[in-house]
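Summary of the model geometry
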Amino acid sequence: MGKIWIPGAMPVELLLILAAVFFAFVAGGWVLKKQGRPIPKFWQAILIWIAAYVVLRYVLYPPIPSALLKTYMGLITLVLFLLVSSDEESWTEFKDPILKVLRGATPGFRSIRTITFVALPALIAFGTYDTIVPKFEEPIELRTVHPAPPASVKVAGKTFTLQTAENPFRVDEEGKYSRDIQQQHVNDNPWDPNAVKYMKYVREGGAIFFQNCHFCHGDNLDGRGMFAFAFNPIPANFTDAGTIAQLQETFVFWRVAKGGMGLPREGFPWASVMPPWEQHLTTDEMWKVIMFEYWHTGFYPRTWD
């Protein structure tokens, strides 16, 4: 399904898909009503709920974490409940089949009630047992925290050779690449109006970080953002000397650009839910964010030597 998304246009495409589904429901409901066969409120709500689940679970790309999917579905359930209970007539029509099942109004409804009251507790009991029962199987495969990177990576139509590429913003006042520039300005204020060119790029990278990354990686880059504990494992703690301090800047660029989906097999795909930021940020923005992360933590990127 990922092939349907145009890089950088996913939010608009998703809105168009949701709008198309909504208007399909409205048009279908209008046609059936004209034919004297209106869809009952109860089944309207069920169909909308299923359609939303299918779009979020199988159409949206890249896939969203299960915790986020459950959150969205909870909100959609709440909205549907508010819609069907917005007036007395609608609420009465919606709950009518439910009450008929509970009362066993007909043999058919009594059968549904029996199946529901027997099958539902059994499914919940099985799910609970399956969740809590100890499992002793070996892990599917070992996970490598820092998997071997590819020799080169293609981002925004440009190929970067990781062992020779350089952060184009790690430069001195003359615009020349400088490995020492961070050390020279490690205590500078990026908000100083007279800040050097390097610190201006750091400031821009920081602004991009706090617009996009701090929700998971945290205000202090310690992996304790507001959404961090919805994930397992939680996002990387950049203040830990075992993360970006052990990596080359181009390695980090590869990981940021390709996200969790771009992990090689030994990286245990989906153990990281980081999105492929190449679909949301420009190449320059990713380089600036990475430079801000090194400057903020005080660590220096490793070299390939």
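Scroll up to find the structure this text is about.
What comes next is a walk through the structure.

What about the layout of surface pockets?
Computed from the structure, the second largest pocket encloses a volume of approximately 910 Å³. Broken down by secondary-structure element, the contributors of at least two residues to the lining of the second largest pocket are helix H1 (10-34), helix H2 (41-59), helix H3 (66-84) and helix H4 (88-103). Ranked by residue count, the leading element in the lining of the second largest pocket is H2, at ten residues.

Remarks on the pairing of strand S2 (residues 158-161)
The pairing of strand S1 (residues 152-155) with S2 spans four bridges and is classified as antiparallel. From the neighbouring strand, Lys154 faces S2, where its bridge partner is Thr159. Linking two consecutive strands that pair antiparallel, namely S1 and S2, is a turn of two residues; a positive phi of about 55° is found at Ala156 within it.

Brief notes about the packing of aromatic side chains
Scanning the entire structure with this criterion turns up 15 aromatic pairs. With 6.3 Å between their ring centres and 65° between their planes, Phe160 and Trp287 make a pair best called edge-to-face. In this pair, Phe160 is assigned in strand S2 and Trp287 in helix H10 (residues 283-297), connecting sequence segments 127 residues apart. On the accessibility criterion, Phe160 (9% relative accessible area) is buried. Using a relative accessible area of 1% as the deciding quantity, one classes Trp287 as buried. A centroid spacing of 4.1 Å and a plane angle of 5° characterise the contact between Phe253 and Trp287, whose relative ring orientation is stacked. One end of the pair, Phe253, is in helix H9 (residues 249-258); the other, Trp287, is in helix H10, and 34 residues separate them in sequence. Residues Phe253 and Trp287 agree in their burial class; the two are buried. Each residue in the set Phe42, Trp43, Phe81, Trp91 and Phe94 is aromatic and connected to the rest through ring pairs, giving one cluster. A cation sits over an aromatic face here: Arg255 above Trp254, 5.9 Å from the ring centre. Seen from the ring of Phe169, Lys288 lies directly overhead, with NZ or CZ sitting 4.8 Å from the centre.

What about H9?
Count 3.6 residues to each turn of an α-helix, and residues three or four apart come out pointing the same way. Within H9, ten of the ten residues are buried, leaving the element largely enclosed by the surrounding structure. Those residues of H9 that fall on the buried side of the exposure criterion are Glu249, Thr250, Phe251, Val252, Phe253, Trp254, Arg255, Val256, Ala257 and Lys258. The elements touched by buried residues of H9 are S1, S2 and H10. Within two residues after H9, Gly259 carries a phi angle of roughly 65°, on the positive side.

Regarding the environment of Trp304
Here Trp304 is to be found in the segment after H10. Note on Trp304: relative accessible area 30%, which makes it partly exposed.

Describing the pattern of salt bridges
For side chains of opposite charge, pairing can occur when their charged atoms come near one another. Taken as a whole and assessed by the stated rule, the structure comprises five salt bridges. The partner of Asp96 in a salt bridge is Lys100, with the nearest N and O atoms 3.2 Å apart. Placement of both Asp96 and Lys100 in helix H4 is noted, with a separation of four residues, approximately one turn of the helix. Where Glu174 meets Lys176, a salt bridge forms, and the shortest distance between an N and an O atom there is 3.8 Å. Just as Glu174 is exposed, Lys176 falls in that class too.

Quick notes on the packing of H2 against H3
Packing of H2 against H3 brings their axes to within 10 Å, and their N-to-C directions diverge by 160°. Classified by the angle their axes make, H2 and H3 are roughly antiparallel. Pair H2 / H3 crosses with right-handed handedness. Contacts from Ala45, Ile48, Trp49, Ala52, Tyr53, Leu56 and Arg57 of H2 reach H3 at Leu69, Tyr72, Met73, Ile76, Thr77, Leu80 and Val84. Residue composition of the contact of H2 with H3, by class: twelve nonpolar, one polar and one charged.

With respect to the packing of H4 against helix H5 (residues 107-132)
Packing of H4 against H5 brings their axes to within 7 Å, and their N-to-C directions diverge by 80°. Relative to H5, the element H4 lies roughly perpendicular. Contact residues: Pro97, Lys100, Val101, Leu102 and Arg103 in H4; Phe109, Ile112, Arg113 and Phe117 in H5. When its residues are assigned to classes, the contact of H4 with H5 shows six nonpolar, no polar and three charged.

Let's talk about unusual backbone geometry
Notably, Ala156 is not glycine yet its phi reads approximately 55°, a positive angle. Summarising the element assignment, Ala156 is placed in the loop between S1 and S2. Taking the relative accessible area as the measure of exposure, Ala156 reaches 67% and is therefore exposed. With phi around 60°, Leu221 is a residue other than glycine that occupies positive phi space. With respect to the helices, strands and loops of the structure, Leu221 is situated in the loop between helix H8 (214-217) and H9.

Conventions used here
- Counting restarts for each chain: residues are numbered from 1 in the order of the written sequence.
- Totals for whole chains, interfaces and linings use all residues, but because this is a predicted model, local features are given only for residues with pLDDT of at least 70 and pairs of side-chain atoms are given and counted only at 80 or more.
- To get the side-chain values, all heavy atoms of the structure are used, and hydrogens and water are removed first.
- With a 1 Å grid spanning the protein atoms alone, the term cavity applies to any set of points in which a 1.4 Å probe fits but cannot get out, the term pocket to an open set with protein on both sides within 12 Å along at least five of seven lines, and the term lining residue to any residue with an atom within 4 Å of a point.
- Grid points are joined across faces, edges and corners, and a volume is the space filled by probe spheres set on the points.
- Labels follow the DSSP assignment, with helices taken as runs of H or I lasting at least four residues and strands as runs of E lasting at least two, numbered in each case from the N terminus.
- Any two strands with at least two DSSP-identified bridges between them are counted as paired.
- Each pair of aromatic rings taken from Phe, Tyr and Trp, with Trp reduced to its six-membered ring, is defined by centres within 6.5 Å and is described as stacked if the planes are under 30 degrees apart, edge-to-face if over 60, and tilted in the remaining cases.
- For the exposure calls, accessible area comes from a 1.4 Å probe over protein chains only, and a residue counts as buried if that area is under 20% of its type's maximum, exposed if over 50%, partly exposed in between.
- Here, a charge over a ring is recorded when the distance from Lys NZ or Arg CZ to the ring centre is within 6 Å and its angle to the ring normal is within 35 degrees.
- Contacts are assigned to residue pairs that have any heavy atoms within 4.5 Å of one another.
- Only one rule defines a salt bridge in this text: a Lys or Arg side-chain nitrogen within 4 Å of an Asp or Glu carboxyl oxygen.
- Here the axes come from fitting lines to C-alpha atoms, over the contacting stretch only for helices, and the angles between their N-to-C directions go from 0 to 180 degrees.
- Roughly parallel refers to an angle under 35 degrees, roughly antiparallel to one over 145, roughly perpendicular to one between 65 and 115, and oblique to any angle outside these ranges.
- Crossing chirality is assigned from the near helix's rotation relative to the far helix, an anticlockwise turn below a right angle marking it left-handed and a clockwise turn marking it right-handed.
- All amino acids are sorted into three groups, where Ala, Val, Leu, Ile, Met, Phe, Trp, Tyr, Cys and Pro are nonpolar, Asp, Glu, Lys and Arg are charged, and the leftover types, Gly among them, are polar.

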